[in-house]
Amino acid sequence: MDIKKQNAIEIVVDTAIEAFAEGLIGRYTDEVNDLNGVINMKKNNCFIAELGEEFMFYSAFVRSFDSSFGNVLEKMGNNIAKLSYEVRGSIDSFLLPDQVSKISSIMDSYVDHIAAPSINHYSNYTTIYPKEITSYKRTHITDHYFYSSEKNEHYLIELKASGDLDNKKARAEKNALLEEFFLLKNQLKDDENSKVFIFFGTAYNKFGEGKVWKQERVKQFFSEDELLIGKDYWNFVCNDEQGFDIVFNQYQKSAEKIRIALTKIKGLYFDD
């Protein structure tokens, strides 16, 4: 990766983390005198309070922190992707009945273990377009739609920044991505050279970076070619094999801003 792009990625990461840290301080400062504030409410739980200030403090907002931080990672990924791709926000197109039927057939074959997931099940599907499509029109908003003008390739990603996908939701996620696939293919029908790819991604590997991602229920619906797990996701948005290392190295430096913010917030509520 050239140094200019690396510096740009580092700035995106540092800016995102700094804004997140400042947001934490602002939010919990505003709640100091609010009896219904997250931390004050936890302080009133005598059972939690008995375990000590440290436990009380971190248990008070860990769930909120996870959710908010997940949003930070998603936006950070998109902003990094803008350095290599065109990031788009919606698909204005149409979805035909035979395509809906094809999606249903694909999903049923996975549920019944008749077939293992493969991009060939939909990528080569031939559609006969009717003259009238008005009744089939849809506008789909998507958070992670990247386009590479260099390759004339379109990428649709369902990202779980938390690193996890509820096994019960795997089928619904794949079904939704297949709908997006056909919507986009229909939109691009006059561009025969364009290619569309769908992915399920996570911001980190819940089993550890470099280790096998073991969510077998998810793999019942997604092939290996459709997965961007942890390091692979960051390499993809950076469009470089060093992407994850650059992102995480900068995060390790910028994370100090979050640690400082947590210390300040704790002082607001517990220090005399």
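None of these values were measured; they are calculated from a predicted model.

With that settled, consider the sheet that holds strand 3 (residues 153–160). Taking strand neighbours across the sheet as the criterion, the 5 strands line up as 1-2-3-4-5 in an open arrangement whose pairing is mixed. Taken across any chain shown, the strands that pair with only one partner, and hence form the sheet edges, are strand 1 (86–94) and strand 5 (227–229). Within this sheet the neighbouring strands show an average axis-to-axis angle of 40 degrees, counted without direction. Sheet analysis places strand 4 (residues 195–202) next to strand 5, joined by 3 bridges and oriented parallel. Within the sheet, the bridge partner assigned to Phe 200 lies in strand 5 and is Leu 227. Contacts between helix 7 (residues 170–187) and the sheet are confined to strand 1, strand 2 (137–148), strand 3 and strand 4, with strand 1 contributing the most and set at about 80 degrees to the helix.

Looking at the chain, pLDDT values average 92 and 99% of them are 70 or higher. When the elements of the chain are averaged for pLDDT, helix 2 (residues 38–43) gives the smallest value, 84, and helix 9 (residues 231–238) the largest, 97.

If you look at the biggest cluster of nonpolar residues, it comprises 45 residues, and the most contacted ones within it are Ile 39, Met 76, Ile 80, Trp 234, Phe 236 and Val 237. Elements represented by at least two residues in this core include exactly helix 1 (3–30), helix 4 (53–81), strand 3, helix 9 and helix 10 (243–270). Top contributing element to this core by residue count: helix 4, with 11 residues. Residues contacting Phe 236, with those up to four places away along its chain left out, are Tyr 85, Phe 146, Tyr 155, Ile 157, Phe 199 and Leu 228. In terms of nonpolar packing, the next biggest core, distinct from the first, is built from 27 residues, Ile 103, Leu 188, Val 196 and Phe 221 among them.

A word on the environment of Lys 131. Relative to the assigned elements, Lys 131 resides in the loop between helix 6 (120–123) and strand 2. Placed 12 residues apart in sequence, Lys 131 and Ile 119 show a C-alpha to C-alpha distance of 28 Å.

It is worth spelling out the pairing of strand 4 at this point. Counted residue by residue, strand 4 has 6 buried out of 8 residues, so it is predominantly covered. Where strand 3 meets strand 4, 8 bridges bridge the pair, whose relative direction is parallel. By the bridge assignment for strand 4, Glu 158 is matched with Phe 200.

A separate point is helix 7. Between its terminal C-alpha atoms helix 7 stretches 26 Å, which fits the 26 Å expected from 18 residues at 1.5 Å a residue. Taken together, the buried positions of helix 7 are Ala 170, Glu 173, Lys 174, Leu 177, Leu 178, Glu 180, Phe 181, Phe 182, Leu 183, Leu 184 and Asn 186.

Here the focus is the pattern of salt bridges. Enumeration over the complete set of coordinates arrives at 13 salt bridges. Among the ionic pairs, Lys 257 bridges to Glu 18, the shortest N-O distance being 3.7 Å. Placement of the pair is Lys 257 in helix 10 and Glu 18 in helix 1, with a sequence separation of 239 residues. For Lys 257, a relative accessible area of 28% translates into the label partly exposed. We classify Glu 18 as partly exposed; its relative accessible area is 33%. Between Glu 54 and Lys 266 there is a salt bridge whose closest N-O contact spans 2.1 Å. You can see Glu 54 sitting in helix 4 and its partner Lys 266 sitting in helix 10, a full 212 residues away along the chain. One continuous salt-bridge network, built from bridges that share partners, spans Asp 14, Glu 18 and Lys 257.

Right, let's get into the packing of aromatic side chains. Each aromatic ring pair is summarised here by two numbers: the centre-to-centre distance and the angle between the ring planes. Under the counting rule described, the total for this entry stands at 23 aromatic pairs. Measuring from centroid to centroid gives 5.5 Å for Tyr 85 and Phe 236, while their planes differ by 20 degrees, and the two rings are stacked. Taken together, the residues span a long stretch of sequence, with Tyr 85 in the loop between helix 4 and strand 1 and Phe 236 in helix 9 at a distance of 151 residues. With respect to class, Tyr 85 is no different from Phe 236; both count as buried. Ring geometry for Phe 181 versus Phe 182: centroids 5.2 Å apart, planes at 85 degrees, classification edge-to-face.

Here we take up unusual backbone geometry. Residues other than glycine seldom take positive phi values, yet His 113 does so here, at roughly 60 degrees. Residue His 113 is classed as exposed on the basis of its relative accessible area of 62%. Phi angles above zero are rare outside glycine, and Asn 239 is one such case at about 55 degrees. Of note, Asn 239 is situated in the loop between helix 9 and helix 10. On the basis of relative accessibility, which here comes to 40%, the residue Asn 239 falls in the partly exposed class.

Rules of the game
Residues numbered from 1 in each chain as written. Predicted model: local features only at pLDDT ≥ 70, side-chain atom pairs only at ≥ 80, totals over all residues. Heavy atoms only, no water. Pairing = 2+ DSSP bridges. Helix = DSSP H or I, 4+ residues; strand = E, 2+ residues; numbered from the N terminus. Axes fitted to C-alpha atoms, helices over the stretch in contact; angles between N-to-C directions. Contact = heavy atoms within 4.5 Å. pLDDT = per-residue confidence, 0-100. Core = buried A, V, L, I, M, F, W, Y, C linked by side-chain atoms within 4.5 Å. Buried < 20%, exposed > 50% of the residue type's maximum accessible area, 1.4 Å probe, protein only. Expected span 1.5 Å × (residues − 1). Salt bridge = Lys/Arg side-chain N within 4 Å of Asp/Glu carboxyl O. Phe/Tyr/Trp six-rings, centres within 6.5 Å; stacked < 30°, edge-to-face > 60°.

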